[in-house]
Amino acid sequence: MSPATSPQSDAVKLEETMIRQARESFQRLPTLEIVLDRLLLAMVPDLKSYCTIAPEIELQSLDYLPYEDAMEATQAPSLYAIADADNWNSQIACVIEPDLLFSVLEIMLGGRRAQPNEWKPRSLTAIEQKLGRRLAELSLKGLSKCMSDVSPVSFSIASLESNPRSVMLAAPRTATVAVRLHMAFEDRSGHMTFILPYGNLDEVSAKLAQPFLGGRSPTDSNARKDMNTQISGTTVTITGVLQEMKIPLREVMEWQPGQVIDLGMTVDTPVVGMVNAQPMFQAAFGQRSNGALALRVIQSLLPQKTEEEIADDVSLD
């Protein structure tokens, strides 16, 4: 302790620190955290339809802090989409950071093979703002779906800003949730942040602060159906494995053209269908009427569902 300080002044500073921390000790919102966890899956189908690539989305951070601190933590300059929450009588912000904005722009303009360039801060063009607005609309649409079971709400973008100081959603010390997401589009990636001031939303805050008791919601079922739709349109390569056997390398090195290798198979030996080295089914070897070779599936090799999983699927349907 320096001579200029005294125990009395140190006690005052300690009291001020304790008071400040007490004021900034915001109540956690367990239900909101579950909603945001579901949002990661709900956003994928809409973004894939728009960008032609299904992104991998992960929750990078979820912080409870004052509104002014939440805004200062965002990367500037970014595109701030200010959205009206119709049923909450409030506003939230969806922040599209430059790395996400230009990654999606390069993908949609056919620049995926080009090396990503370092972005230098500048004002955004009309095309870039339009793209960022659409990204924000799709993300807010997913958030609205996930929130429907807790407190139905619809978001409509009221304005776009590039300077965080121009965005005044709430009082500086209002309790706020800052949610930062990382999105990866193959070799491109970027970040998005949701700014959710909840200190002045008494009714909604009370619902979001309730402990999560488990269970599923219709949102989970919708997300699962959307994901099944995307998967059903995916093309896979099936490899038919006739037989597997171990042969010493010494014998393999002695093979000559025209040599016959006995696989130990008969006409009735089943063929194993493989997808990405994963056994999928057993099939009988045959021939179609046009002379083409064919396989007829006779047994599935996929793991059987447990009774609990089957009951969950029935309840979702």
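You'll find the structure just up there.
Each value, and the rule that gives it
- Residues numbered from 1 in each chain as written.
- Predicted model: local features only at pLDDT ≥ 70, side-chain atom pairs only at ≥ 80, totals over all residues.
- Heavy atoms only, no water.
- Helix = DSSP H or I, 4+ residues; strand = E, 2+ residues; numbered from the N terminus.
- Buried < 20%, exposed > 50% of the residue type's maximum accessible area, 1.4 Å probe, protein only.
- Axes fitted to C-alpha atoms, helices over the stretch in contact; angles between N-to-C directions.
- Parallel < 35°, antiparallel > 145°, perpendicular 65-115°, else oblique.
- Contact = heavy atoms within 4.5 Å.
- Nonpolar A, V, L, I, M, F, W, Y, C, P; charged D, E, K, R; others polar.
- Pairing = 2+ DSSP bridges.

K.L.:
Is there a simple way to explain the environment of cysteine 146 in this structure?
P.N.:
Structurally, the position occupied by cysteine 146 is in helix 5 (residues 126-147). Classification of cysteine 146 by relative accessible area gives buried; the value is 2%.

K.L.:
Would you take a moment to explain the packing of helix 4 (residues 98-108) against helix 5 for this structure?
P.N.:
Helix-helix packing: each pair is described by the crossing angle between the helix axes and the interaxial distance. Interaxial distance between helix 4 and helix 5 falls to 10 Å at its minimum, and their mutual angle equals 105°. One way to sum up the angle between helix 4 and helix 5 is to call them roughly perpendicular. Touching Leu101, Phe102, Val104, Leu105 and Met108 of helix 4 are Glu128, Leu131, Gly132 and Leu135, all from helix 5. Taken together, the residues that form the contact of helix 4 with helix 5 break down as 7 nonpolar, 1 polar and 1 charged.

K.L.:
Would you take a moment to explain the sheet that holds strand 3 (residues 90-96) for this structure?
P.N.:
Adjacent strands of a sheet form backbone hydrogen bonds with each other and so pair up, either parallel or antiparallel. Across the sheet, which stays open at both edges, the 6 strands sit in the order 1-5-6-3-2-4 with antiparallel pairing between neighbours. The sheet is open, and its two edges are formed by strand 1 (56-66) and strand 4 (155-161), each paired on a single side. Pairwise comparison of adjacent strand axes, ignoring direction, gives a mean angle of 20° for this sheet. Here 10 bridges tie strand 5 (residues 175-185) to strand 6 (residues 188-197), and the two strands are oriented antiparallel to one another. Counted as the bridge partner of alanine 184 is serine 189 from strand 6. Along the sheet face, helix 2 (residues 30-51) touches strand 1, strand 5 and strand 6 and points at about 135° away from the line of strand 1.

K.L.:
I would appreciate a short explanation of unusual backbone geometry in the present structure.
P.N.:
Keep in mind that most residues, glycine aside, have a negative phi and that most peptide bonds are trans. The backbone phi angle of threonine 52 is positive, close to 70°, even though this residue is not glycine. Residue class for threonine 52 comes out exposed when judged on its relative accessible area of 59%.

K.L.:
Help me understand the sheet that holds strand 10 (residues 293-300) in this model?
P.N.:
Pairing is antiparallel in the open sheet, where 4 strands are placed in the order 7-8-9-10. Looking along the sheet, the strands with just one partner apiece sit at the ends: strand 7 (239-241) and strand 10. Along the sheet, successive strands turn relative to each other by an average axial angle of 40°, direction set aside. Taken together, the 3 bridges between strand 7 and strand 8 (residues 271-275) define a ladder with antiparallel strand orientation. From the neighbouring strand, threonine 239 faces strand 8, where its bridge partner is methionine 274.

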